Each structure stands twice: as C-alpha cells, then as structure tokens.
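# Observations on the three-dimensional arrangement
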Amino acid sequence: MGLVLILNFKLDNLIIKMSKIEAIYKEIEKIVGTNYITDKDFMKAAYSRNVDPAFPDRWPDIIVRPENTQEISEIMKAANKYKIPMVPRGGGADLVGGAAIQGGILLDLTRMNKIIEINEHDFYCEVECGVTWGALLSNLYEKGLTTGVLGPGSGYSATIGGALSNSTAGFGSTKYGLVPDICLGVEVVLPNPQGTIIRTGAAANKFAKPFCRYGVAPDFTGLFMGDVGVMGIKTKAFLRLYPNSPYKIQKNYILNKNDYKIVYKLMYTLQKEVREGLHDLYINPRVVIQLLASQAERKPPKRAKISGPVFMFILEAFDEKILDIYVDKVHKIMIKDNSARIFEWQEIDLNEMLAKNWKLNFKFPYSYFNKFVALAPPKISCTTCHKIPISVIDDKKKLNNLFDNEHRGEFPSQSFSLFARSIHLLPNGHCVFAGGFNAENADDQRQVAMNIWHKKLRSQVKYGGVHYWLGEAISQSIVEADAYTPEFLQFFKDLKKVLDPNFLLSPNKFHMYSYDNNISRYIVKDEN
Amino acid sequence: MIITEFNPKEKYKYLNKLGDALLQCIACGDCREATDYTANPQKWGVCVARDHTSGFEPYFGRGKMQIIRSLWQGKLELSKDMAEVIFQCPTCNACAEACAYEMDNALFYEALRAELVDAGCGLEAHIPMNQAMVELFNPYQRDNKQKNNWLKNLDFKVKNASTEQAEVLYFVGCTAALTPEIQKVAINTAKVLHKLGVDFSVFGEHEVCCGSVAMRTGNRHAFNSVAIKNYELFKKSGVKTIITSCAGCYRTLKVDYTDFLEELGIQVLHSIEFIKTILKDKNVSLKNLGITVTYHDPCHTGRNAGVNPLYEEPREFLSKIANLNEMKTIKENAKCCGAGGGLKKGFPDLALEIAKSRVKEAEDTGAEYLVSICPFCFRNLNDAIKAFNSDIKMIDLLELLDLALS
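Residues numbered from 1 in each chain as written. Chains lettered and ligands numbered in written order. Predicted model: local features only at pLDDT ≥ 70, side-chain atom pairs only at ≥ 80, totals over all residues. Heavy atoms only, no water.

## Observations regarding the overall build of chain A
Helices and strands together make up the secondary structure of chain A, namely 15 helices and 20 strands. Its C-alpha atoms give chain A a radius of gyration of 24 Å, within 12% of the compact-globule value 24 Å for 528 residues. Counting only C-alpha atoms and orienting by the principal axes, one finds that chain A spans roughly 75 × 60 × 45 Å. The buried share of chain A, reckoned over its 528 residues, is 61%. Look at the contacts in chain A between residues 6 or more apart in sequence, and 74% of them connect residues 24 or more apart. As displayed, chain A has an accessible area near 21,400 Å², and 54% of this comes from carbon and sulfur atoms. The distance from the centre of the 65 positive side-chain charges to the centre of the 56 negative ones in chain A is 3 Å. (Helix = DSSP H or I, 4+ residues; strand = E, 2+ residues; numbered from the N terminus. Rg over C-alpha atoms; globule rule 2.2 N^0.38 Å. Buried < 20%, exposed > 50% of the residue type's maximum accessible area, 1.4 Å probe, protein only. Contact = heavy atoms within 4.5 Å. Areas by Shrake-Rupley, 256 points an atom, 1.4 Å probe, with all protein chains shown as cover. Lys, Arg positive; Asp, Glu negative; His and termini not counted. Charge placed at Lys NZ, Arg CZ, Asp CG, Glu CD.)

This is how it looks when you write it as structure tokens:
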C-alpha cells in the first residue's frame, strides 16, 4: 500500500513537471521562435556533456539558443513562473561539470556572438558574452590590439562569458592577470521573476561609456566573476584592451637539478627583475618532459638529458632593444650559479620548432593543453588546477605527490596523476599548478574517478590551494573540505536569494540544492 | 521474456568499422568556429551548416560526435528527426581541419548516415537519386544515353573506352555530362586534351556514376552497386590512368576506390594535375587573358582529397593566365559552397544560402570571374550568382585553360 502511494506521488509529480515543461516550452517558443528551441532526444544527447567525461550524461528538458539580452530576460520570467531550473552554457569547453543540467533548461549562449564595439581610441571593447576568444582576438589583432590575457587554452571554442564565470587564467596571464582582471563591467540578466537587466562598472552610469570598472558604485562586477553561473546570466562584457606588442620571443631553459626550491627562487627573481617583460612563464615539470619525450613523433638519435623542469618564457616589448634587454636579463638570471641551461624542444622531438622560429599565433596557446587534456584520448580528464603562493611550491608539490602515493589504490586503473602539467606564473607572487589525472572513458570508471577527484581537491583546498574554474566538481569539493565558514556560506546564500529568490540558476554548484538545505551536511569529516 | 544485451558492434555495423576512434572526440568544440587571424591561411569560421541553420550542436561536428557516442553507448536511438539534422551538412570536413586531434569527421558522418539509411530513417529526397544511380547509372534520373550529348559539340572524334584503347580515360562524371549549362566543363576538358595531343577515351553512355552522392548520403547499397560496375568497366578497358574534371568523382575514385584501383594499377588524377604535367613536358606556354579572377577550393579536391590536396595547381595556372585575387578563406580553411553531401538535393534552400555567402566572399575580392574545378560547385555557386543577380561570372578553370591555349 505504502509503495503504491509513493509511486502514485512520484507519478503525479512527474506529470506536473511534464505539463510545466510543455507549458514553458510553448512560452519560450513564442520568445525565441520555433527554430531556436528544442526538446528532441538527439539534441539533448548532443548537449549532455562538455569536456568533462568524469560526469554521467545529463540531458536537459529543453535547449534554447537566445539571440539577445531581452530574450533571456523574458525566458527568465517564464522560468520563474514555472519554477524551472536553468543553466547557461558558453563554448561548452568546460572540464568540471559547469554547463550541463539534468532536466530543466539549458541556455546555449553561442548565438550571442556579436562584437559590438572595438574602441581603438580609449582601449576598451563591448562584446556579447557568446563570442569566442579566437573570434574576438582575430578582430583585435587586425587592428593591432589585444586583450593581453588570451583566454583559456580552449580559446578557439571558449567564450568570453565562460572565461569570466570561471575566473580563467591563460596565456598572457603572467603579465596581464586573469580574465576578470581585464573586465570593466558586464551586462547581466538577474534570475529573478522580473528578469531584471543590469549593467555594472562605469556602464552602471547610464550616461557613461563602459571604459572603466570602479567608481560609480560598489564593484558589483566582481559578484559575477568566477560565479560559475549561479548569480546571473552575463550577456555582455566590457573588456580592457592593450596595444599588441610587435616584439615577442620564446626562450627555454632546463634546470640542472630537479629542485623546486630553485624553481621558487628563480620565479621570485624573475618577477622582481624582469616583470614587465614576462608575457608568460610556464614551467613544465621533469616528469612531463620525460612523458613528452617518450611520446615524441620523431625522436632524436641521442637521448636528451632531462635534468629538471623546463622554463618556457614568452617575453614581449614594444621596442626591439628593450626586448634584447629582457632576453639578456632572463639569461643571466637563469644561468647564474649554474642553475639552468638553454633548452630546445627539439632535444626531445625533432618535429618541434626551434625557439628562434617561434611566433605567437593562436594555435600555440589554444592547442598547448590539448596534449595534456587527454594524454591519449578518449580519456576522462579530472583537472585539479589551483593557485598557490610561489614560496610554497616545493611543499605543495610534495604534498600532492604524497597524496597520490597514499591513495594509489583509489585512482582508476591506469590513471596517470600529475601535481602540475605546467606551473604558470601569475602577477605578484602566485602561480597556477595546472594539474590533474586521467582515466579510461568508461562508465565503470566514472564514479571511481569522481570519488578520488573530490578527495584530491579537498586535500588541496585544505593546504590552502585556491581553485578557480569551480564548476560542480570543484565548488562542491571546497564545501566538502569545510573551507567556507558558516557566516560566509550564509552571506553567499543570502546574496543569491536576493538575486535568485526561486533558486533556479545553476543548481548543484557549491552543494546548493535549495535555500533550505543545510550545506554543512556535505562536509567530509575525519579526513586529514 | 528474452532480454538481449545491447551490443553496439552488432547494431551499428558501419560505425563499428571506425573502431575506437568513435569515442575519440573530447568535445572541445574547436569544430564550431575556430576563428584564427594568425593562421596561414587565416581561418574565419569553420562550419557553414551551423552558420546558416539554427546552430544547435548537432549541426556541427561536436554535436554529431556526441550523438554517435550516445548511440554507441545505447542511450539514444536512430530517428527520422535525427536524420533531418544529420543530413543538413555538406560533409565538407572543415571540422576535421579544425580538430585538435586530427579526426576525419566526415568519415563518421557518412557512417552515421549509412546507419540511418539502413534503419529506414534516410531522407526521402535522396531515395530517387540513389535508386536512379543503381538503375540508370546516374543520379539525375536521366537516360544514360544523354551522356553522349556533349560529345556532339566537338569537332573531333573521341575514342570510346568500351571498344578502343587510349593513353588515358577521361571520366566525365554525371553532372558535367548531363547538366546542359555545365556540359562545357566536359567540352573544354576534351578540347584542351585534344589541343595538347593527348590520346584519351570516354565511356560516353556507358559511363557509370562513381557513386559519390550515394556514399555521402549513406546509401552503401547504391554505392557498392556502381563501384562494382566501375571495377568491371575499368578492368575490361585496361586503362592505367583516369583523369576527371569533377572534384566529386576525383575524391571518390582516389579515396573511396583506393583498394580496387590499386589492385588494377590505376592512377587517378584531376585533369588539371594531368594537364600541368603535359604542359611542362611539351613546354607549352599559356596566354595571359588579362582578366581578374578569384578561386574557390572544392572540398573534394582539398580537405577531402586525402594525401596531396590540390591547392597549388589551380593557383599556379591562374597566376599565369589571369590576375588572381584571393578570397578571405582559402585552401584548407576555405568555406564550402554548400552543394556536397547530398545537401543540394536534400535541402536546396540551405545549399543556396551557403553558396550565397561564398559568392559574397568572391565579390569582395573585386574579381570578374569566380573559378573552380568542380561541376557541382559550379552549379551551386552559379545558382547563387543568379539569385543575387551578381556581376561576377562563374567559370571552370578548364574553360580558361582552353582560352589560354588558343
């Protein structure tokens, strides 16, 4: 009897849900037109994943491709009317379960891809958030301009909105910082029943052009940076521009010892003495160089001596003589005390380019991580990218390795874990450990991978690591690690409730499933 | 009740042939647009189908690959609705060019289409075309005897490949042989060969369609039917070199017929490749025609042509006989004309819209002539020129070569 009641209750709920979905479908169809909404199964399958095969497939009920901010506002009103959850999706190049939803509405924002203004005189631009980094930078490069940071490693596909929502680092970040650092403001549709549209930064002053971020009001732009789509739907962004320096050069050095205390000292000195010249400093650990050497397409006849990590520099200047000075300074710093020697990638693979022939084209930053995302695709790739102060590099590397050793049996079979595929220097004294592990792309490995992934993330959170593209996996792991104080979590919830009173936007992130649920129940206790 | 375990290898025989690569796509999405000002040649977008449709994921590579994965994992069934989208693609393979993992996407799409056709979900519009291919040996539903018509425009005799031996076989292709306004591709090819003293033959009314459209539209039965007939024809004729002025035939003979042409020791060349060699051997010079042209790269002589795509050969000719103004997207990053993959037959409006974009790109160069080396590109681009009432004129490279040899 009890079972029948429960089944009937579930069936009733399902019928109510289905009728709500049918009703909202019709309303949204009127807003965007028949061509830009779908609920077909094969369409849902096509949107069931991003670059995140550690997650199970998730099929939304409805997929919509809105054309403009006003349409999103109207969709938001309908979603509030029927209480249907929603997730925004940019390029879908996400690794952490950020832009998929089981049931509800998935908003594909790539139709909103207009570059509205490139202001060459005042060095800013206004774009719709669905424009890709490749498209924006192509249009900027034509005019001798750049955004400085070139967006994520998936920049051919990734959108501006996605990079802002994930506080992404990318090539150029050593000098120009993270993507939010170049953001002067955003236009956002709030997830409230009114579908309110606001503009932040200078654009909050309706008489002002969007040329700066601070001053008009509190920095509400920041509310939507790194929010993984839980606070609002960014529809437009105003971005800082820079003249594109004509002189860029690549230089590589390999350390003579595999010593991360030396790595720190060099990073510190380089930041202190070369700073402006450093467009990028990427450090590939020795194990990565060994791996790349083993996978070389054309191996050199003589096996390379891989003594330590490789420092890959991209140096830039607006004057050739100044670039020469930077090159000279870097060289002196690197070879001092016999710390390092000049390195060429051809030492491990004859198909690689000599540094003197290198040019910064988009393929370089946008394919740099491909060989690491899935060492031999198809694989599950569980990223653990996070930031740490440079002074603790050696300690944190050891802690990561210790974790991997202690939990060796918990990783999926044949998984390969790296504390960092590369270490990327950021402004002032911190860096990214761009690491993770992989697994076979198979259903039976997904849960195993997910468990150890969360566990590893928690360990990094607990040693003070600061993750950025949080999505679902990482935002939940931070909660599980008990990193947020109750006061912070309440503040976060209160803020979200003001913007999203019906709790519709991007559920599941930060283990938030409603305003009533007690997030602290997801804290994993008794874990060192 | 008998419960049978889902076995994708048994259920999807065409996809199964692609092996582990079925799950190779990591879904990065570079196949969506991958714009790159710094690339050489520059890349201004990727997928023309996505650009001219509602643009949901299945309209470009990543979505198709996710559908294939979902089918393979038993999470999805083939359907007519799915086919309606999967066939809205010219299989131009620009997505493969953008793929970071060097996948040959069109192979997967063709296999998926074959699964759809076998499951009874193929496009209705493609059925008569493929049926005619089997029964009449051409997809245009015409009497194959009409393939002799263009020969009447020549003032010299061409050898009949069925009965006479020749140095090379000119495989005309159905479009050039049977479309009155495009017959000049065949006529000019023959005239150029004749002027250069080449000993060549044609099958005329006995020429059997290469099967390109059947392969692209997933009808493996029709493809195999004509492929076997061609095998027999080629074997019987004893031909060792086949040339063609049709990009679709070129790709099909060169790539899809590889195995049996290798067995017969036959090499396949596009006519411009062959003519280039002859001109060099005979030290023949070409006249500059004093016209301004731009060049459209057919997908089947470029991205889909396997090894040694024909990007430079047409440009070498055009640089000698005309002023060549390049379009914004060229060579491996050229935008497709929209005709291929059964798109013109299945979705003529979409094919025309894609062609209009390409014609616009051509107009922006300021050229008087839009040149190509594919009768099917010729047809679709010319339709767009007419629809626009554009001043630019469509012309096949062989026609220019004939004039330059005069």
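## Brief notes about the pattern of salt bridges
All chains considered together, the criterion is met by 49 salt bridges over all chains. As a salt-bridge pair, Arg216(B) and Asp256(B) come within 2.5 Å of each other at their nearest N and O atoms. Highlighted residues: Arg216(B) in helix H11 (residues 212-216) and Asp256(B) in helix H13 (residues 247-256), separated in sequence by 40 residues. On the basis of relative accessibility, which here comes to 1%, the residue Arg216(B) falls in the buried class. On the basis of relative accessibility, which here comes to 24%, the residue Asp256(B) falls in the partly exposed class. One salt-bridge network, held together by shared partners, links Arg49(A), Asp57(A), Arg69(B) and Lys75(B). (Salt bridge = Lys/Arg side-chain N within 4 Å of Asp/Glu carboxyl O.)

## Things to note about the layout of surface pockets
Computed from the structure, the second largest pocket encloses a volume of approximately 830 Å³. As for the second largest pocket, its lining consists of 34 residues, and the residues nearest its centre are Asn113(A), Glu33(B), Trp44(B), Asp51(B) and Lys335(B). At the level of elements, helix H4 (133-142) of chain A together with helix H3 (48-51) and helix H18 (348-363) of chain B are the ones that each hand at least two residues to the lining of the second largest pocket. Broken down by element, the lining of the second largest pocket gets its largest block of residues, 5 residues, from H18(B). Here the lining of the second largest pocket is built from residues that sort into 8 nonpolar, 12 polar and 14 charged. (1 Å grid on protein atoms, 1.4 Å probe; cavity = no way out; pocket = protein on both sides within 12 Å on 5 of 7 lines; lining within 4 Å. Points joined across faces, edges and corners; volume = space filled by probe spheres on them. Nonpolar A, V, L, I, M, F, W, Y, C, P; charged D, E, K, R; others polar.)

Read these as spatial facts, not as claims about activity.
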